[in-house]
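Listed here are the chains, written in short residue letters.
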Amino acid sequence: MSPKPTCHLIRPESTYEGKQGLTYFAGIAAESVGSCGICMHVLTMPPGARAKAHLHESHETAIYVLSGEVHTWYGDRLEHHIVVKAGDLFYIPAGVPHLPANLSNAPSSAVIARTDPKEQESVVLLPELDALVA
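This section reports on the structure supplied with the text. (Residues numbered from 1 in each chain as written. Predicted model: local features only at pLDDT ≥ 70, side-chain atom pairs only at ≥ 80, totals over all residues. Heavy atoms only, no water.)

Let's talk about the overall build of the protein chain
Helices and strands together make up the secondary structure of the protein chain, namely two helices and eleven strands. The order of helices and strands in the protein chain, counted from the N terminus, is β-β-α-β-β-β-β-β-β-β-β-β-α. Considering only C-alpha atoms, the protein chain reaches an extent of 55 × 30 × 25 Å along its principal axes. For the protein chain, the proportion of its 134 residues judged to be buried stands at 37%. A fraction of 70% describes how many contacts in the protein chain between residues 6 or more apart in sequence connect residues 24 or more apart. Each charge sign in the protein chain was given a centre, from 9 positive and 14 negative side chains, and these centres are 4 Å apart. (Helix = DSSP H or I, 4+ residues; strand = E, 2+ residues; numbered from the N terminus. Buried < 20%, exposed > 50% of the residue type's maximum accessible area, 1.4 Å probe, protein only. Contact = heavy atoms within 4.5 Å. Lys, Arg positive; Asp, Glu negative; His and termini not counted. Charge placed at Lys NZ, Arg CZ, Asp CG, Glu CD.)

Structure below.
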């Protein structure tokens, strides 16, 4: 018999390295609270930080930018570009290749929620796309 689900408080004090090449503050995930359908983390990108091109297979991503701004290239060949700024909400459908980068001289922080409870499980790196963004 499995234990009854309960509420959990997470204070994002520890960090981990994501496959994407960025450092995340540990948050809500199957590993930390036993979530079954969602994860949520805080990401602070220092100036000049850039993720590896990737997609999240079968999982959607919702981002709320708390501070700063991040340039994001997305699409099959990273042919689309958008600047996501503090106060903006950004949605990435499942399976869409993307590459975020902080091109500013200030850190940028965001809350990231994904429909993947294991957070890194559905990350697929796309090294063939990395060179498409200078």
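That covers the picture; the talk isn't over yet.
Things to note about the nonpolar core
Within the largest apolar cluster, 14 residues are counted, with the highest numbers of intra-cluster contacts made by Leu22, Leu43, Met45 and Ile63. The contact partners of Leu22, leaving out residues within four places of it in the chain, are Tyr16, Glu17, Leu43, Met45, Ala49, Arg50 and Ala51. Ranked by size, the runner-up nonpolar core spans nine residues in total, among them Trp73, Leu78, Leu126 and Val133. (Core = buried A, V, L, I, M, F, W, Y, C linked by side-chain atoms within 4.5 Å.)

Notes on the packing of aromatic side chains
Going through the model one piece at a time under the given rule, you end up with two aromatic pairs. Ring geometry for Tyr16 against Tyr24: centres 5.5 Å apart, planes inclined by 15°, an arrangement best described as stacked. In this structure Tyr24 comes out as buried when scored by relative accessible area, which is 3%. Relative to Phe90, the ring of Tyr74 has its centre 6.3 Å away and its plane inclined at 65°; by these criteria the two rings are edge-to-face. (Phe/Tyr/Trp six-rings, centres within 6.5 Å; stacked < 30°, edge-to-face > 60°.)

Points about the sheet that holds strand S8 (residues 89-92)
An order of S1-S2-S3-S10-S5-S8 is seen for the six strands of this open sheet, with the pairing classed as antiparallel. Of all strands in the sheet, those bounded by a partner on one side alone are strand S1 (15-17) and S8. Geometrically, the sheet is characterised by an average inter-axis angle of 30° between neighbouring strands, direction not taken into account. As paired strands, strand S2 (residues 23-28) and strand S3 (residues 39-45) are joined by three bridges and run antiparallel to one another. The partner of Phe25 across the bridge, within S3, is Val42. (Pairing = 2+ DSSP bridges. Axes fitted to C-alpha atoms, helices over the stretch in contact; angles between N-to-C directions.)

Remarks on the environment of Lys52
Tracing the backbone shows Lys52 in the loop between S3 and strand S4 (54-56). When the C-alpha positions of Lys52 and Met40 are compared, they lie 20 Å apart, and in sequence the two are twelve residues distant. Those residues in contact with Lys52, other than ones at most four positions away along the chain, are Lys19, Gln20, Gly21, His98, Leu99, Leu125 and Asp130.

A look at the pairing of S2
As paired elements, S1 and S2 share three bridges and run antiparallel to each other. Within S2, the residue paired with Tyr16 across the bridge is Tyr24. Count of turn residues in the S1/S2 antiparallel hairpin: five residues, of which Gly21 carries a positive phi of about 95°.

The quantities given are spatial measurements derived from coordinates; they are silent on function.
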